[in-house]
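Descriptive structure summary
The lines below spell out each chain.
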Amino acid sequence: MRIAVVGGGPGGLYFSILMRKIRPDCEVTVYERGAPTDAFGFGVVFSDETLTVFEHADPETYSQIAERFTRWTDIDIHYRGEMTKSAGHGFSALGRRELLRILQERAAGLGADLRFSCEAPPVGELGWADLIVGADGASSAVRTALSRDFVPSLDRRHCRYMWLGTDLVYEAFKFFIAETEHGVVQAHAYPYDERMSTFIVEMHERTWKRLGLCERSIEDSVAWSSALFADALEGHRLFANKSRWINFVTVRNRRWCTDNVVLLGDAAHTAHFSIGSGTKLAMEDAVSLAWAFRSYGDDVVSATSAYEAERRPIVESTQRAAQASLEWFEGIARYVDQDRLQFAFNLLTRSRRVTYENLRLRDPGFVRAVHPDPRPPMFTPLRLRGLELRNRVVVSPMDMYSAVDGLPGDFHLVHLGARALGGAGLVMTEMICVSDIGRITPGCAGMYSVSHVAAWKRIVSFAHAHGGCAIGAQIGHSGRKGSTRLMWEGMDEPLPDGSNWEVIAPSAIAYSPRNQVPRAMTRADMDVVLDQFVSATRGALEAGFDLLELHMAHGYLLSSFLSPVSNLRDDEYGGSLAGRARFPLEVLDACRAVWPSGRPLSVRISATDWIPRGFGVADAVALARMLADHGCDIVDVSSGQVSPLERPAFGRSYQTPFADRIRSEAGIPTIAVGAISSYDDVNTIICAGRADLCALARPHLYDPAWTLHAAAEQEFDTDAWVPQYQAGSRKPPAGRDRVRAELERTFDEVALILSSRLPG
């Protein structure tokens, strides 16, 4: 097999090494336009997990790298004149030039043909190669030449950064936070050998421009950085190495391989430097690609496809973490007024990979300092007006599609009653529709008749009497998404012909081509709907609900007023955000006027439509300020479901950053929702100050007593257990201990039976 590797960085070189090891008969030619000693940047960081991979892949290379490692376990955060240390992290680093030297010598020693200071021929002129590997970085010429096949996406981010070095050797990974009159500037620094440390200076682009750095030379910028971080440098110098102010570009590709061409490392994907190293990802790619050829031999298509199938989920997970981290640093100004310890915790958990529990295991003293309360963060109470919630867990609204003519029945009593017994601080109903034509489906529950109020009162009374939790009513109107089938009969599918009812919306725009076109609402229609919301609010009050939530999300009626995708009105209820929000705010005012002042009112919103030119996060922050001014106490922050064209960035806790930004910038409490699945997630979100409550849906479908079991797992004695279930409040032993306990209990039971049959 003949292989052309375009790019002589660590990824390309490591792949060459591994291929020559597993296939000594293959011919490997590496094209590198730079000289052997050229290297952008300074140090390279590896995690312990990556080093294990390297050790097994090529022990010879690993041993040479490991001999030159600088290792440390601490992260120090320097913030407003104080240093906060977090221990137990475990990093290794070495100089990029040293790494390249090791890989170059190893590759050459194994027979790879390394051609430095040599531009690679265009892909079309590499027809002699059985395999072409594009390892030529984020600006890959290979990817560009075959862009129709790879379909790249290049996301230019909002910070400027410059990669520098210093001759001060730090003893830990360092974050230095500097506040200037024009914005926050941060430095990421770490040692990589016995003489030098990496020192990366980063700031938002608007700060960079306001500081005038866009007009300064690199020499002046280095001098400016040296002056700003003089205390951090302790009299030492900063050094440049091909340094310049650049924006990070997140590279994604729809495909990584086509025919006999495959992308590797930054050519295929990038991940922000704040969570690790692109070099690490590229070398891990090299291992995966080489191992695929070990399995598939000369079958290039099968090998490259297997490589992509194995690596893509791992890389995309890393990119999601990197995206969270880079967005945190882009918005760092939101956090600089936090308490020093909470700021440090927030910074350390920014990527959602490091969590409360993870830090508690690594450095329990640090976590105790951040959260000295003996209760886990999720079990601290929260007061909203006159309502005190016993913990921060919310059973999220979940449509059950099981009502008859809007009437909730025994299913709702059992469903919500079971979750009311489960220990959460707040249990929310599904969306309770304010009218019959405001239902999503024929199975949706309502609050538009006396019988509905009585049925809901039965459920609320059970929750209060037996669960001891607060219970909230979410009320809403389906708008253009109404008159559809039950979820399990087809999501958003219209009812069979003859069964549909008229739907209304701000504009006559169907949700999708298969849905009916709504009638554009008149002012008279708005008055009717407003009265229906007020009537439903009065019904919720009569039923005894503790909290009222208005549904302004997910493309339903009030949400469709807010989004420019669904509201094309040219009157005072369209146009700008203020116009589009006018009717939803009128509804809020009317409901707040009849809802008691001592009871909280929440609003659920979609923070983004997930489509270009749709409602976005900046709009959500502005809307949240309006909601607060109109008497809203907490914003329930969801996203999407406004347009079928949406492209959500799904992932763990993927909507929490929206709640975080709204909480920080609008100054209103928030509820975080969306793929929050563990008590560790909840503890992390609450402790970092990203939201005030966490709403979980699917975990509560899987386990109605999720909150109680979270308490047991954390060995926290909550008083939320009802007497009937008190015996289950202790965490059962696990593994062998559980088996032993089961055997001991069996022996005890047998002994009891035998003893009961003995005389006397």
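Because the structure is a prediction, the values reported are computed rather than measured. (Residues numbered from 1 in each chain as written. Predicted model: local features only at pLDDT ≥ 70, side-chain atom pairs only at ≥ 80, totals over all residues. Heavy atoms only, no water.)

**Some thoughts on helix 20 (residues 582-594)**
Every α-helical turn comprises 3.6 residues, leaving residues that sit three or four positions apart pointing alike. Along its 13 residues, helix 20 runs 19 Å from first to last C-alpha, staying within 8% of the 18 Å computed at 1.5 Å per residue. Within helix 20, the full set of buried residues consists of F583, P584, L585, V587, L588, A590, C591 and R592. Check the buried side of helix 20 and you find it contacts helix 17 (523-543), strand 25 (547-552), helix 18 (557-562), helix 19 (577-580), strand 26 (601-606) and helix 21 (617-629). (Helix = DSSP H or I, 4+ residues; strand = E, 2+ residues; numbered from the N terminus. Expected span 1.5 Å × (residues − 1). Buried < 20%, exposed > 50% of the residue type's maximum accessible area, 1.4 Å probe, protein only. Contact = heavy atoms within 4.5 Å.)

**Considerations on the pairing of strand 29 (residues 693-696)**
On strand 29, burial covers both faces: L693 and A695 on one face and C694 and L696 on the other are all buried. Pairing analysis gives 3 bridges linking strand 20 (residues 393-395) to strand 29, with the strands arranged parallel. Across the sheet, V393 pairs through a bridge with C694, a residue of strand 29. Here strand 28 (residues 670-672) pairs with strand 29 via 2 bridges, running parallel. Counterpart to A672 in the pairing with strand 29 is C694. (Pairing = 2+ DSSP bridges.)

**Considerations on the sheet that holds strand 16 (residues 257-258)**
The sheet built from 6 strands is open, its strands ordered 8-2-1-9-17-16 with mixed pairing. The sheet is open, and its two borders are formed by strand 8 (113-116) and strand 16, each paired with just one other strand. Pairing of strand 9 (residues 131-134) with strand 17 (residues 261-263) involves 3 bridges; the strand directions are parallel. In the strand pairing of strand 17, I132 is matched with V261.

**A short note on the environment of V45**
Mapped onto the secondary structure, V45 falls in strand 3 (residues 43-46). Separated by 25 residues in sequence, V45 and T70 place their C-alpha atoms 9.5 Å apart. The residues contacting V45, other than those within four sequence positions of it, are W72, F91, S92, A93, Y190, S277 and K280.

**Looking at the packing of aromatic side chains**
Within the structure shown, the criterion is met by 28 aromatic pairs. A centroid spacing of 4.1 Å and a plane angle of 5° characterise the contact between Y79 and F343, whose relative ring orientation is stacked. Residue Y79 is located in strand 5 (residues 75-79), and its partner F343 is located in helix 12 (residues 340-348); the two are separated by 264 residues in the primary sequence. Take F343: its relative accessible area is 0%, and that puts it in the buried class. By way of ring pairs, the aromatic residues W72, Y79, F91, F173, F175, Y190, W328, F329, Y335 and F343 are connected into one cluster. The side chain of K481 reaches across the aromatic face of Y511, ending 4.8 Å from its centre. Over the face of the ring belonging to W595 we find R599, whose NZ or CZ atom lies 5.7 Å from the ring centre. (Phe/Tyr/Trp six-rings, centres within 6.5 Å; stacked < 30°, edge-to-face > 60°. Lys NZ or Arg CZ within 6 Å of the ring centre and 35° of its normal.)

**A short note on the sheet that holds strand 27 (residues 634-638)**
Taking strand neighbours around the barrel as the criterion, the 8 strands line up as 20-21-22-25-26-27-28-29 in a closed arrangement whose pairing is parallel. Within this sheet the neighbouring strands show an average axis-to-axis angle of 30°, counted without direction. Relative to strand 21 (residues 426-433), strand 20 runs parallel, the two being bridged by 2 bridges. In the strand pairing of strand 21, V394 is matched with L426. Packing of helix 16 (residues 450-467) onto the sheet brings it into contact with strand 21 and strand 22 (470-476), and relative to strand 22 it is tilted by some 150°. (Axes fitted to C-alpha atoms, helices over the stretch in contact; angles between N-to-C directions.)

**Some details on the nonpolar core**
Formed by 87 residues in total, the largest nonpolar core has its most connected members in F545, L550 and L627. The dominant element in this core, judged by the number of residues it contributes, is helix 17, at 8 residues. If sequence neighbours within four positions are ignored, L627 has contacts with M552, L585, L588, V603, I605, C632 and V635. Formed by 62 residues, the second largest nonpolar core is a distinct cluster that contains L99, V133, L264 and A292. (Core = buried A, V, L, I, M, F, W, Y, C linked by side-chain atoms within 4.5 Å.)

**Some points on the side chain of E330**
Tracing the sequence through the fold places E330 in helix 11 (residues 300-330). Of the residues examined, E330 reaches a relative accessible area of 12% and is grouped as buried. Polar side-chain contacts of E330 include one of 2.9 Å to the backbone nitrogen of H158. Look past the residues within four positions of E330 in its chain and what remains in contact with it is R157, H158, C159 and H204. (Polar contact = N/O pair within 3.5 Å; in protein donor to acceptor, adjacent residues only side chain to side chain.)

**With respect to the confidence of the model for the chain**
Per-residue confidence for the chain averages 93 on the pLDDT scale, and 96% of its residues sit at or above 70. Segment residues 735-760 is flagged for pLDDT under 50; beyond a separation of four residues in sequence, or across chains, it makes 3 contacts in the model. (pLDDT = per-residue confidence, 0-100.)

**Section: helix 25 (residues 706-713)**
Most of helix 25 is tucked away, with 6 of its 8 residues classed as buried. All buried positions along helix 25 are accounted for by W706, T707, L708, A710, A711 and A712. Buried positions along helix 25 lie against strand 20, helix 23 (679-688), strand 29 and helix 24 (698-702).

**Looking at the pattern of salt bridges**
Throughout the structure, instances matching the rule amount to 45 salt bridges. A salt bridge links D25 to R23; its shortest N-O distance comes to 3.4 Å. When its relative accessible area of 15% is taken as the criterion, R23 is described as buried. Between E105 and R101 there is a salt bridge; the shortest N-O distance is 3.0 Å. Placement of the pair is E105 and R101 together in helix 4 (residues 96-109), with a separation of 4 residues, close to one helical turn. Since its relative accessible area comes to 27%, R101 is described here as partly exposed. Shared partners join several salt bridges into a network, and the residues in it are E67, R68, E98, R101 and E105. (Salt bridge = Lys/Arg side-chain N within 4 Å of Asp/Glu carboxyl O.)

**Things to note about unusual backbone geometry**
Positive phi is not limited to glycine here, since D259 has a value of about 55°. In this structure, D259 sits in the loop between strand 16 and strand 17. The exposure class assigned to D259 is exposed, which follows from its relative accessible area of 64%.

**Quick look at the environment of L558**
By the secondary structure assignment, L558 is in helix 18. Sequence-wise, L558 and L585 are 27 residues apart; in three dimensions their C-alpha atoms are separated by 9.3 Å. Once you skip the residues sitting within four places of it in the chain, L558 turns out to touch F533, H551, M552, F583, P584 and V587.

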